[in-house]
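Chains, contacts and geometry: an overview
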Amino acid sequence: MPRPIQATIHSAALSHNLTRARQAAPDAKVWAIVKANAYGHGIARAFDGLRSADGFALLDLNEATELCALDWRGPILLLEGCFEARDLELCSGLGLWHVVHCNEQIDMLAAHKTQQGHRVFLKMNSGMNRLGFKPERYRAAWTRLNALPQVDEISLMTHFSDADNGKGISAQLAAFEATTHDLPGERSLSNSAATLRHSGVLTTRSDWIRPGIAVYGSAPDCPAHSAEHWGLQPTMTLASKIIGVQQLEAGDTVGYGSTFTADGPLTIGIVACGYADGYPRHCATGTPMLVNGVRCRMVGRVSMDMVTVDLSPVPGAGIGSDVTLWGRASNGVVLPIDEIAQAAGTVAYELMCALAPRVPVVVD
Ligand SMILES: Cc1ncc(COP(=O)(O)O)c(C=O)c1O
């Protein structure tokens, strides 16, 4: 029998969350962001739940090819554009749309021999200071692109650094608006946080939203708001079983480093899940976990293949009992992945992406 750990990707939840994003910006088309192998869910596994998207946005050419092999014939956008000149061959061949964020990419396009006009998204660095042209260089880039016979249509985009927090989007939005107000072309501005928190106040036209994390059921502005607050459902459940039980007495310790000491008699379960499965090692005693759908607390240190759980709230639990590390238990109780991410001092993005290859994954 294989080790009992398993991840489940919930297609209906993906579809539900995509609809939630669409409801927040009803006039916009939706790019489902599927970079990083659909935030660890697997592009092929997530595809069914996301097929109502208007397009898919990602980084990796292999992932774009995978989508085409799944018979997706709608738009695919390369969010970082081309890394080298020969990537443009694939863009021409597969009709991929691509971001242009620097002059070197414009040089590559200018030298590219193609009969196929390219659809490009010209990226502005409106304050994030990662990729894109600064506002004062943006119009010159647009003019250069506009003069190229290789370019069919130019859309305008930027990316917000603080849509999830109090700083907000107004300064970046003002920079974008001031530079682009009279340029033609579709606009794409909003990630999940901007879509859910700021769509109502976006003064700039938004033709394409770009939700990622919300589609995968995590609150983009956790801990200010929960996934439940935004009406999002978990799309990934990590589940396992108890494979051992220990009865502790007062003074007994648990696991490496003896970081937990029982202060009285205590039954603990040993769960087949550890950091080699993608469960974060930084989670400490107190991190929530469901046993048979009942909330319990982890005790001691996460080890490579095991974690330990206080079974006091579930007296009937023992070897073979179901454990939900995050996601939805079979009784319907939800343990939000955001709670585990917080306990580990990180974000749900990282946990999803870190699901280890050794964990078997099924789709429901
Ligand atoms: C350019 C761009 N757009 C959209 C997204 C989606 O962001 P989120 O997952 O926060 O919605 C990302 C993710 O980092 C991104 O890099």
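One structure accompanies this document, and this report is about it. (Residues numbered from 1 in each chain as written. Predicted model: local features only at pLDDT ≥ 70, side-chain atom pairs only at ≥ 80, totals over all residues. Heavy atoms only, no water.)

So, the nonpolar core
- Counting 104 residues, the largest nonpolar core has L50, L145 and Y279 as its most contacted members.
- With residues up to four places along the chain from it excluded, the contact list for Y279 reads C273, G274, T287, P288, M289, M298, V302, V307, L325, W326 and I340.
- L248, V254, A262 and I268 belong to the second largest nonpolar core, which has eight residues in total. (Core = buried A, V, L, I, M, F, W, Y, C linked by side-chain atoms within 4.5 Å. Buried < 20%, exposed > 50% of the residue type's maximum accessible area, 1.4 Å probe, protein only. Contact = heavy atoms within 4.5 Å.)

Some remarks on the pairing of strand 15 (residues 294-299)
- Relative to strand 15, strand 14 (residues 288-291) is paired through four bridges, and the arrangement is antiparallel. Pairing of V291 across the sheet is with V294, part of strand 15.
- Where strand 14 folds back on strand 15, the antiparallel hairpin that results is connected by two residues, among which N292 adopts a positive phi of roughly 50 degrees.
- Bridging between strand 15 and strand 16 (residues 307-310) involves three bridges; their strand directions are antiparallel. Each residue of the ladder has a partner; that of M298, found in strand 16, is V309. (Pairing = 2+ DSSP bridges. Helix = DSSP H or I, 4+ residues; strand = E, 2+ residues; numbered from the N terminus.)

What to know about the packing of helix 4 (residues 61-69) against helix 5 (residues 87-94)
- Where helix 4 meets helix 5, the axes come as close as 11 Å, and the angle between the chain directions of the two elements is 15 degrees. In terms of orientation, helix 4 and helix 5 fall into the roughly parallel class. In this structure, the crossing between helix 4 and helix 5 has a hand that is left-handed. On the side of helix 4, the interface is formed by L61, T65 and C68, while helix 5 contributes D87, L90 and L94. (Axes fitted to C-alpha atoms, helices over the stretch in contact; angles between N-to-C directions. Parallel < 35°, antiparallel > 145°, perpendicular 65-115°, else oblique. Left-handed = near helix turned anticlockwise from the far one by under 90°.)

Details of the site of the ligand
- Taken together, the neighbourhood of the ligand is formed by 14 residues, with Y39, S192, R210, I213 and Y349 sitting nearest.
- Within the backbone of I213, an N or O atom sits 2.8 Å from an oxygen atom of the ligand.
- Relative to its free-state accessible area of 390 Å², the ligand is covered by the protein chains to the extent of 90%.
- Across the shell around the ligand, the residue classes tally to six nonpolar, four polar and four charged. (Near = heavy atom within 4 Å. Polar contact = N/O pair within 3.5 Å; in protein donor to acceptor, adjacent residues only side chain to side chain. Areas by Shrake-Rupley, 256 points an atom, 1.4 Å probe, with all protein chains shown as cover. Nonpolar A, V, L, I, M, F, W, Y, C, P; charged D, E, K, R; others polar.)

Notes on unusual backbone geometry
- Cis geometry marks the peptide bond from C222 to P223, where omega comes out at 10 degrees.
- Mapped onto the elements, P223 comes out in the loop between strand 9 (208-209) and strand 10 (236-248).
- Not every positive phi belongs to a glycine, and N37 is a case in point at roughly 55 degrees.
- Among the secondary structure elements, N37 is positioned in helix 2 (residues 35-39).

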